[in-house]
Amino acid sequence: MKQYEICKLCPRGCGIDRNRKTGFCGESAVLRVARASLHMWEEPPLSGEVGSGTVFFSGCNLGCIFCQNHQIAHEHRGKEITTERLFEIFLELQAKGAANINLVTAVHFIPHVIKALDIAKEKGLSLPIVYNSGGYESAASLRLLKGYIDIYLPDYKYRSSILAERFSKAKNYPEVAEKALAEMFSQVGEPVFDENGMMKKGMIVRHLVLPKHTDDSMAVLQYLHETYGDSIYISIMNQYTPCRKFPEYPELSRKLTTYEYRKVVKFAESIGIRNGFLQSGETAKESFIPDFDEQGV
Ligand code: SF4
């Protein structure tokens, strides 16, 4: 596909021909998927009682050193598939009763996704489409998705460019994500729920609180609330799990403490965030992180 020939699908702007080599995301022009299954661990209006129909794409354009899905982001697990197989997967998830189709980290495969959605919709796909992203997206690529996505589910990971550079080699993450979120919101607008409380349209912004960096988390929440007020939902996540030891950043070698999470939640309450999702109890368990074993692919 043309967009892979001089790839600038994401803000990394590698400009390489993915038919010949791979860029920062580590993926060629061949579509690869690591897992497709019903997933219960999204926010309740996305998972419902049966689960969100998640499709985890291989590779990642952000590559955070602490990635919770490191098997796909860093180890590049996954299976090569065709566009035809991708639309079949969407329809299989719908047949299993999925609440939605949840595209996880799909930016580097947007052209394939659009083609697969076009065919799947012709063949009867009627579920809301969720675009689940690290937030490091170009507004131009997001515009290609206009009309295809019902629910945007981006992260806003850092307000600090120092942390963004240190942990994701993306110093410009804060401003890039700001523009990406603005484009996403312009496409889907205010949240819409059905009579069962399932989300049909809108934006949920996720923020994973990192150990020792609660100040940055509070800056993220402040920005989101000042910019979007009650027009979006904010999901404050406590599930940080160290994937290895980090001698250079010892704070990342431990889990988040209850005190740190409560501090951020209290701050959210104090500034008036009402549309929020919180996590409680022992969510920082590896069982919440799926195995990328090509199930359903
Ligand atoms: S999608 Fe991959 S190859 Fe393309 S610009 Fe982004 S990181 Fe580079």
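Asks: Would you explain the environment of S280 in this entry?
Replies: With respect to the helices and strands, the residue S280 is situated in the segment after strand 10 (276–278). On a C-alpha basis, the gap between S280 and L91 in space is 33 Å, while along the polypeptide they are 189 residues apart.

Asks: Which parts of the structure should I look at to understand the pairing of strand 1 (residues 32–39)?
Replies: A regular strand carries its side chains on alternate faces of the sheet. Extensive coverage of strand 1 is indicated by the burial of seven of its eight residues. Pairing geometry for strand 1 and strand 3 (residues 79–80), over two bridges, is antiparallel. The residue bridging V33 from the neighbouring strand is K79, located in strand 3. Strand direction decides the pairing type here: strand 1 and strand 2 (residues 52–57), joined by six bridges, are antiparallel. Its bridge partner lying in strand 2, H39 is registered against S52.

Asks: Would you mind going over the site of the ligand with me for this structure?
Replies: Lining the immediate environment of the ligand, one finds C7, C10, R12, G13, C14, R18, G23, F24, C25 and H108. The cavity where the ligand resides is the second largest cavity. Its residues assigned to classes, the shell around the ligand shows five nonpolar, three polar and two charged.

Asks: Please clarify how unusual backbone geometry should be interpreted in this entry.
Replies: Glycine aside, the phi torsion of most residues is negative, and most peptide linkages are trans. Not every positive phi belongs to a glycine, and T105 is a case in point at roughly 55°. Topologically, T105 is positioned in the loop between strand 4 (101–104) and helix 4 (110–122). What makes T105 buried here is its relative accessible area of 17%. Its identity as a non-glycine residue notwithstanding, K169 has a phi of 50°, on the positive side. Along the chain, the position of K169 falls in the loop between helix 6 (161–168) and helix 7 (173–188).

Asks: Would you explain helix 3 (residues 83–95) in this entry?
Replies: Note that an α-helix has 3.6 residues per turn; residues three or four places apart therefore point the same way. Across its 13 residues, helix 3 extends 19 Å between first and last C-alpha, which sits within 8% of the 18 Å expected from 1.5 Å per residue. Turning to helix 3, its buried residues are T83, R85, L86, F87, I89, F90 and L93. Packed against the buried residues of helix 3 are strand 1, strand 2, strand 4 and helix 4. Following helix 3 by one or two positions, G97 adopts a phi angle in the positive range, close to 95°.

Asks: Any chance you could explain the pairing of strand 5 (residues 129–133) here in plain terms?
Replies: For strand 5, the tally of buried residues reaches five of five residues, placing the bulk of the element in the interior. Side chains I129, Y131 and S133 of strand 5 all project onto a buried face; the interleaved residues V130 and N132 project onto the opposite face, where all are buried too. With four bridges joining them, strand 4 and strand 5 adopt parallel strand pairing. Residue pairing for strand 5: N102 is matched across the bridge by V130. Running through helix 4, the crossover from strand 4 to the neighbouring parallel element strand 5 is right-handed. Remark: the strand 5/helix 5 (residues 139–144)/strand 6 (residues 151–154) crossover connection has right-handed handedness.

About the cut-offs
- Residues numbered from 1 in each chain as written.
- Predicted model: local features only at pLDDT ≥ 70, side-chain atom pairs only at ≥ 80, totals over all residues.
- Heavy atoms only, no water.
- Helix = DSSP H or I, 4+ residues; strand = E, 2+ residues; numbered from the N terminus.
- Buried < 20%, exposed > 50% of the residue type's maximum accessible area, 1.4 Å probe, protein only.
- Pairing = 2+ DSSP bridges.
- Near = heavy atom within 4 Å.
- 1 Å grid on protein atoms, 1.4 Å probe; cavity = no way out; pocket = protein on both sides within 12 Å on 5 of 7 lines; lining within 4 Å.
- Sits in = over half its atoms within 2 Å of the grid points.
- Nonpolar A, V, L, I, M, F, W, Y, C, P; charged D, E, K, R; others polar.
- Expected span 1.5 Å × (residues − 1).
- Contact = heavy atoms within 4.5 Å.
- Right-handed = clockwise from strand over helix to strand, strands pointing away.

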